[in-house]
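# Observations on the three-dimensional arrangement
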Amino acid sequence: MIDPSTIFTTLESEVRGYSRNWPTVFDTAKGSWIRGEDGREYLDFFAGAGALNYGHNNDVLKRALLSYLADDGITHSLDMHTVAKRDFLTAFEENILRPRGLDYKVQFPGPTGTNAVEAALKLARKATGRESIISFTNAFHGMTLGALSVTGNSMKRAGAGVPLVHATPMPFDNYFDGVAEDFHWFSRVLDDSGSGLNRPAAVIVETIQGEGGVNVARPEWLRALADLCAERDILLIVDDVQMGCGRTGPFFSFEVAGITPDIVTLSKSIGGYGMPMALTLFKPELDIWAPGEHNGTFRGNNPAFVTARVALEQYWNDKQFEGDTLIKGSRVAEKLTTLADDFDGVSTRGRGLVQGLAFEQPDLATKVCSLAFDAGLLAETSGPSDQVVKLLPPLTISEDELDHGLSVLAEATARAFG
Ligand code: PMP
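Residues numbered from 1 in each chain as written. Predicted model: local features only at pLDDT ≥ 70, side-chain atom pairs only at ≥ 80, totals over all residues. Heavy atoms only, no water.

- Looking at an unreviewed UniProt entry, one finds the protein chain named Diaminobutyrate--2-oxoglutarate transaminase and attributed to Speluncibacter jeojiensis.
- Under the heading Sequence similarities (unreviewed entry), UniProt records this for the protein chain: "Belongs to the class-III pyridoxal-phosphate-dependent aminotransferase family."
- Taken from UniProt, the Pathway (unreviewed entry) comment for the protein chain reads in full: "Amine and polyamine biosynthesis; ectoine biosynthesis; L-ectoine from L-aspartate 4-semialdehyde: step 1/3." (UniProt positions renumbered as here; feature names shortened; annotations may be inferred.)

Structure representation (structure tokens):
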């Protein structure tokens, strides 16, 4: 007879991670709150690692989903044409692409962000006939062997062997402690036949590195990168899996820099309701796929198309939602700065509703998250040595909830220094 109280530790692999940070069994969730089976409520500053921008069990999305299922709407369809997919594509074109003057083809590469990255890398290699990719220090792009090759995290790459994609890591903006990196040496190396650098197919970049420690690239740095790529005929891939769907304010995080990447990846919150869904977007001239060349069983999550469509219609048909996120983000940033000023070796970083509290002293960020959890707040650490507390609340969170979470965080920080 199996003992259900130990099943997680006896049956589930040692690879489990979040369950160690937050040792409870979760049961239900609503809005910005998640509840354990013991009845304890936690304010959620984690939001499914950015997959729940519209909160848990959002009422508008839930109604649409329940009604779709009640009407026997199709759940699984590979890449067949369905009404749910048509409605999603129409809403995506009307609410997102057209108002921004963006001309992208849409690929459904599979259920996860990693799938979107994998398709982007493969397409860039096919389109240019070149193989290597430039990635960045502290980048995170996913766990399949291609996406892992462009992920700058040796812990995640441990034991995976020779990278599948030849990737050259470049310093991300401000990697050298505040020294602006202007691509000077990179241009030189690209132009120098003696440098040993293979001409790359693409550069893949996050505008803000979420997993890497909430490292914010300056818009001018992103523009310089985009210019460099355009001049040298190198494709620019922006991985917007975590920072897209309004996390930083605008729907696409690269809008702040006024750039138009050749390829964009989206996942996490695009499905709206925490259901798996991913998109790879690319300029029409890059649509060189042969029919059926890149497939996958789970490319047509129709219930996710339904909630994705309703989320776009509900939140993205005017600038209100974007503005609200920026207002809430400034409020969080202000309060975090006040908090950081009270302690030595603490600083802040972020944009919109992705904000970080960085600790110079080792292990402090982990301690703060653990104390915050005990006090009823979910927040995770990020960065190569887990030195940053990353705040990623649902974008639909109220100002009172934000204030409450920030006061729990302030108390946890004071206790950690205690
Ligand atoms: N790219 C980025 C920027 C991410 O943050 C993540 C996930 N944290 C991924 C790709 C991979 O997405 P998934 O976990 O859905 O495969």
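## Focus on the site of the ligand
- Contacts to the ligand come from Thr 112, Gly 113, Thr 114, Phe 140, His 141, Gly 142, Glu 206, Glu 211, Asp 239, Val 241, Gln 242 and Lys 268.
- A distance of 2.8 Å separates an oxygen atom of the ligand from a polar side-chain atom of Gln 242.
- The protein chains hide 83% of the 390 Å² of surface that the ligand would expose on its own.
- Taken together, the residues of the shell around the ligand break down into 2 nonpolar, 6 polar and 4 charged. (Near = heavy atom within 4 Å. Polar contact = N/O pair within 3.5 Å; in protein donor to acceptor, adjacent residues only side chain to side chain. Areas by Shrake-Rupley, 256 points an atom, 1.4 Å probe, with all protein chains shown as cover. Nonpolar A, V, L, I, M, F, W, Y, C, P; charged D, E, K, R; others polar.)

## Looking at the confidence of the model for the protein chain
- The predicted model of the protein chain has a mean per-residue pLDDT of 96, with 99% of residues at 70 or higher.
- For this predicted complex, the interface confidence comes out at an ipTM of 0.99, alongside a pTM of 0.97. (pLDDT = per-residue confidence, 0-100.)

## A look at the pattern of salt bridges
- By the definition in use, this model includes 21 salt bridges.
- A salt bridge links Asp 191 to Arg 232, with the shortest nitrogen-to-oxygen separation between them at 2.6 Å. Taken as a pair, Asp 191 in helix α9 (residues 184-191) and Arg 232 in helix α10 (residues 219-232) lie far apart in primary sequence, 41 residues in all.
- The exposed category is assigned to Asp 191, whose relative accessible area is 54%.
- Arg 232 gets classed as buried once you look at its relative accessible area, which sits at 17%.
- If you follow the salt bridges from partner to partner, you end up with Arg 331, Lys 335, Glu 399 and Asp 403 in one network. (Salt bridge = Lys/Arg side-chain N within 4 Å of Asp/Glu carboxyl O. Helix = DSSP H or I, 4+ residues; strand = E, 2+ residues; numbered from the N terminus. Buried < 20%, exposed > 50% of the residue type's maximum accessible area, 1.4 Å probe, protein only.)

## Notes on the side chain of Ser 269
- Looking at where Ser 269 falls in the secondary structure, it is placed in the loop between β11 (263-266) and β12 (279-282).
- Among the polar contacts made by the side chain of Ser 269, one reaches the main-chain amide nitrogen of Asn 53 at a distance of 2.9 Å.
- With residues near it in sequence (within four places) discarded, Ser 269 still touches Gly 50, Ala 51, Leu 52, Asn 53, Tyr 54 and Cys 245. (Contact = heavy atoms within 4.5 Å.)

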